[in-house]
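Next come the chains, spelled out residue by residue.
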Amino acid sequence: MRSTKEDSDQVMLNDCIQPLYHQSCRHHLVLVYTREILILDLEINQTVGIIPIERAGSPFVQVVSFRQRDVLLCLHENGSVSARIRRKTNAITTPASEGHGAFDDSPPPISMDVTYDLRCQSDGMRVTRHSRVSSMACCPVSEKSVGLVVTDSRIVFWDMMLLSGGIDSEPGPASDKKLKFPVVSDVPPPKISLSDMIGQLPVVNPDHPSVLKGRAAALKFVITGLLNGVVSPVTCLRMCPPLTTKNWSVYEPLIAVGSSTGVVQIINISSGLIVKEYSVHTGTVRGIEWCSLKSFLSYSYPSAGTSGLVKNDLMYVDLSTGKVKPVRANRDQESPIEILRVSCLKQYFIVGFKDKPLELWDLQTLTMLRETGKSLPHPTALEWSPSHSLKSLKKKMMSHGSEKEGGQQASTGVGGDSMGVSTTSLTEPSESESKVNQKLMVKEHFVYTDPEGTLYHFVVEGSGFSDASRVPPESGIGTITWIAWKGDFILFGDGEGQLSVWDLKNKTQRTMATRRGWIKKIRFALGRGNMKFFILYIDGFDIWDLKDGKAELLSSMKSPRDVAKVVDADWTGSDRPVLATAEGCIQVFDLTLKSCSCTIEDREFPDEVANPYILSPKGSLMMKYHLQNQPWNQEYSPKLEGLREEEQNLQTTLNRQIDLLDSDILDYLPCCRFGVAERCVMLAKLFGDESDFLFWTVALYYLRAVKWSPKSQGDKDLLLGPEKDKFVPPTPSYKETNDLVMLDSPDEGEGSEQGAWSLLDLPLERYFDTICDNDSFKLYQLDRVALHDSKRVTYEHTKKCAENYIMLRETDRAVQLLLETEPENDTYYTDCLRACLVASIRSSGVSQSTIKLVATNLIANGKIKEGVQLLCLIDKGMDACRYLQTYGAWDQAVWLAKATLTETDCCEVMKRWVDHLCGTQVNQKSKALLVMLSLGQFSKVLEMLYGMRQFNRAACFTAALGEFGLLDQSPDNVSLVEAVYLEYARLLANLGLRAPAEFYCQKAGDKGRQFKEEVRILFT
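Residues numbered from 1 in each chain as written. Predicted model: local features only at pLDDT ≥ 70, side-chain atom pairs only at ≥ 80, totals over all residues. Heavy atoms only, no water.

1. Let's talk about the sheet that holds strand β21 (residues 337–342)
Next, step 1: The strand order across the open sheet built from four strands is β21-β22-β23-β24, with neighbouring strands paired in antiparallel fashion. Strands with a single pairing partner mark the edges of an open sheet, and in this sheet they are β21 and β24 (367–371). Strand-to-strand twist of the sheet, defined as the mean angle between neighbouring strand axes without regard to direction, takes the value 25°.
Next, step 2: Sheet analysis places strand β23 (residues 359–362) next to β24, joined by four bridges and oriented antiparallel. Residue Leu360 lies in a different strand from β24, and its bridge partner there is Arg370. (Pairing = 2+ DSSP bridges. Helix = DSSP H or I, 4+ residues; strand = E, 2+ residues; numbered from the N terminus. Axes fitted to C-alpha atoms, helices over the stretch in contact; angles between N-to-C directions.)

Right under this line is the structure:
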């Protein structure tokens, strides 16, 4: 039994809790276990990396993979978040040197496993049985903001920040400060996203000595926000008194929500935010009633035992001061409270019990006036009359206005409450005040029903009430469970689903069957003359309308079929019912009960938020186009001006949004180092535009690469000194590199090469794959093949590695792997012959034509892989790529071209791939754009953007080409640029941006000048 239990525990311990695709590396899968993370390469179906948890570390719960940088974000059971950055290792980047032949079995000097180093970790949370982290979400735009979802309905927000260092923005000594471009500025670029924080400098632990010397960067997590959710489970809710002409200046749409933990939350329906939270009771909140806009009553009691008696807890809460005062204090065990109703004029409230006479209380003084006699039956439902003599109240207040004491009492009495502002004094009133208060009390009415169905009508005046009348029960009506009264109509609902409608004006009564069972609650909607009401059942929710004394069903909802079980309901407005469900949600529906969501524009936030998503589509585009480029202004200005008079409100809103942007962003926008292209990358991040972000990231990289590419080998040697690689400096295999660049000694590398390196860009991240430059792509593929080589287990695996080595022209290692075939293997003889062929073949010789003929025949007979390998052996990689493309193997053709061919031949293969991507069957023109950017075919990119009707991107790209000095001035290209400017001017004119539209009209030739006249007439 013990071994069986241990085995089951072992299985549970080793269960995979999350699989996910690696966002930064193609063909990789991440498997998350509680104590380790496995990195799988799907091309070889082998584990290529293991990330074990620290010995004293908390188990993993979830992992998120980033793509801007090769970073894994890990959530742990103790609520902490850790960031692990991939360690860069360089494998066999060149063919074997002399003395290392095919039979050299020496192992590689470094480990090829994929390794991630822990670089920062947040503090843990206090985890309890009811409060633990369940999941994590990351911002897809910045990839540095994280939200943790806690089981107690909280969301904790963390931001990854830079301790020091980061991407070096200062121009080095090699840059000429007399040049206008790139812009020389002392303003550092803002850290908007993960790619801005991790770059030129290696990322190390905060205690590393390199951080202090500025040679490395360190990360840290900072908590930036906390969002509390609705306390679950919800037991009741109540909307505050409605909006009137007297309280509109101070009104807030608040709803009080009670929970089983004794907490009462005050939620603003307009913003959806929790305004206040009170821990009022120790047990379940059973009911809530508002006394004014700033105060409420709530009651609670524990579950009744065998005696049926409980300890009732009735509390008065003042929102303006936060003071909580107990009502009915020092009471013994008694019957539980079932009814709490506040009168319409907020003078009285009634407390009803299950097996005890009801009590009448003065709401102003919170004192009990009297209770009903024991001879009267106990109520099953109760409701106050909405009719009252308010005019007579005002006359009485005016008659007592001459008396100083009476005037003071009137200012703090019922009149203040009717205005919706709580001025109730919780102190005991003096004897004179009580007398005046009694004189000013207005007569009010309420009705209640007993278990037999008899209706009792009472009149309340002063400190007592009198039994005015009794109405015998109706036939066919069961025990009344709820009463609703509005105007001249009273609604009764019973425990069997019967609805009775009394018309007091016409003295008629109608009874109808809802056929839904026990009616839990009935409530009329807000608004004078609005006779809509809802009925809450044990298994659903209906909305009805009362027309000419007849109830008509408008919409219906059943639970749990349409929604989770409805616990309580109320009206937030004249046409907006709000439901509290058993799953802990507060949902505001429309009258059709179909939609419980609203646009973000309808929300009213307490503070302004810098977020383009809350703008209208037109406003968002205007803001983006205005900030991207302003050639019509002499100086760049974030402020938007010149809109039509009817759009002045929109202009004010946009300028307010711009002012809310971070100061480091506003400071850097006018002096972006690489002009329009870099500004477009920043704005793509701010607006969350993924397509724009990918385009401008690739465009900026290749614009910089083409602009500063050395014209000759001599220039290259002069620029980079001994570092011959254009993009990536070679790294010795014995040195560990972190993130993107080698982590050298803090005192190394401070020579003159740093300035030259600042002109070049870092290689594109591996996420871009075939969009990367050829040198970086080949380096990564060699690393990957070496990694596959180190993980060889089966013959098929070895064979695949040998084939890749052959295509990459690493013939020595390929021969070694082919000769490893066991004699028992059926392909032993074939592999030996292939090894001899690979070892003896040369690019020039009479054997070339024979091998090419054999390769062609193999391909024609379906053996494409073997034919391609033969072509690669004789340096016919271009022919191999053409055959692969002909047979539809586009990915393999692109892989082979970028890894083995010269720039010219590779460009030809990639152009054919672009034509394939632009075809109607594939239709991936956005990817084709990125490919053309990687080829440096900027004129073709501009033509494609115009054909795709992306005029804004085309106009900005034209401006970027002009800044980099790469704009083609041929006649065909000039006409294309004019066409782009003309269409962009039309787009700007339609948005209402006159000044930029007229500027681009001037640059669009004759047609532009004609359209400028139309713009002038349009805006006149």
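There is more to say after this.
2. Some words on the pattern of salt bridges
Next, step 1: One pass over the full model with this rule turns up 46 salt bridges.
Next, step 2: Where Glu252 meets Lys294, a salt bridge forms, and the shortest distance between an N and an O atom there is 3.4 Å. Taken as a pair, Glu252 in the loop between β13 (234–239) and β14 (254–259) and Lys294 in the loop between β17 (285–292) and β18 (295–300) lie far apart in primary sequence, 42 residues in all.
Next, step 3: Glu252 gets classed as partly exposed once you look at its relative accessible area, which sits at 33%.
Next, step 4: Each member of the salt-bridge network shares a partner with another, and the members are Arg328, Arg331, Glu334, Lys356 and Glu359. (Salt bridge = Lys/Arg side-chain N within 4 Å of Asp/Glu carboxyl O. Buried < 20%, exposed > 50% of the residue type's maximum accessible area, 1.4 Å probe, protein only.)

3. Examining the confidence of the model for the protein
Next, step 1: Considering every residue of the protein, the mean pLDDT works out to 83; 83% of them sit at 70 or more.
Next, step 2: Averaged pLDDT values over the elements of the protein bottom out at 35 in helix α6 (residues 414–418) and peak at 96 in β18.
Next, step 3: The low-confidence segment residues 402–439, where pLDDT is below 50, has 54 contacts with residues more than four positions distant or belonging to other chains.
Next, step 4: In this model residues 712–759 is a low-confidence stretch, pLDDT under 50, and it forms 105 contacts with partners more than four residues away in sequence or in other chains. (pLDDT = per-residue confidence, 0-100. Contact = heavy atoms within 4.5 Å.)

4. Quick look at the environment of Thr454
Next, step 1: Residue position: Thr454 is located in the loop between β26 (444–449) and β27 (455–461).
Next, step 2: The buried category is assigned to Thr454, whose relative accessible area is 15%.
Next, step 3: Along the backbone, Thr454 and Arg470 are 16 residues apart, and their C-alpha atoms lie at a distance of 7.0 Å.
Next, step 4: Sequence-distant contacts of Thr454, that is, excluding residues within four places in its chain, are made with Tyr448, Thr449, Val471 and Pro473.

5. Some remarks on the side chain of Ser292
Next, step 1: Among the structural elements, Ser292 can be located in strand β17.
Next, step 2: Overall, Ser292 belongs to the buried group, its relative accessible area being 1%.
Next, step 3: Polar side-chain contacts of Ser292 include one of 3.2 Å to the backbone nitrogen of Lys294. (Polar contact = N/O pair within 3.5 Å; in protein donor to acceptor, adjacent residues only side chain to side chain.)

6. Observations regarding the packing of helix α22 (residues 890–900) against helix α23 (residues 903–918)
Next, step 1: Taken N-terminus to C-terminus, the directions of α22 and α23 make an angle of 155°; their axes are 9 Å apart at the nearest point. Put simply, α22 runs roughly antiparallel to α23. In this structure, α22 crosses over α23, and the sense of that crossing is left-handed. For the pair formed by α22 and α23, the contact residues are Trp890, Ala893, Val894, Ala897 and Lys898 on the first element and Cys906, Val909, Met910, Arg912, Trp913 and His916 on the second.
Next, step 2: Looking at the contact of α22 with α23 residue by residue, the class counts come to eight nonpolar, one polar and two charged. (Parallel < 35°, antiparallel > 145°, perpendicular 65-115°, else oblique. Left-handed = near helix turned anticlockwise from the far one by under 90°. Nonpolar A, V, L, I, M, F, W, Y, C, P; charged D, E, K, R; others polar.)

7. A few points about the sheet that holds strand β28 (residues 464–471)
Next, step 1: Ordered in space as β25-β26-β27-β28, the four strands form an open sheet in which the pairing is antiparallel. Of all strands in the sheet, those with a lone pairing partner are β25 (381–384) and β28, marking the two edges. Strand-to-strand twist of the sheet, defined as the mean angle between neighbouring strand axes without regard to direction, takes the value 20°.
Next, step 2: As paired elements, β27 and β28 share seven bridges and run antiparallel to each other. Paired with Val460 across the bridge in β28 is Phe465.

8. Remarks on the nonpolar core
Next, step 1: Within the largest apolar cluster, 144 residues are counted, with the highest numbers of intra-cluster contacts made by Ile37, Phe695, Trp696, Leu896, Leu933 and Phe957.
Next, step 2: Beyond its immediate chain neighbours, meaning those up to four positions away, Phe957 contacts Phe695, Trp696, Ala699, Leu933, Phe938, Val941, Leu942 and Leu945.
Next, step 3: Counting 27 residues, the second-largest nonpolar core is a separate cluster that includes Tyr251, Val257, Val280 and Val285. (Core = buried A, V, L, I, M, F, W, Y, C linked by side-chain atoms within 4.5 Å.)

9. Things to note about helix α24 (residues 925–934)
Next, step 1: Counted residue by residue, α24 has seven buried out of ten residues, so it is predominantly covered.
Next, step 2: When we look at burial in α24, the residues that qualify are Ala928, Leu929, Leu930, Val931, Met932, Leu933 and Ser934.
Next, step 3: Those residues of α24 that are buried lie in contact with α12 (690–707), α23, α25 (938–947) and α26 (951–964).

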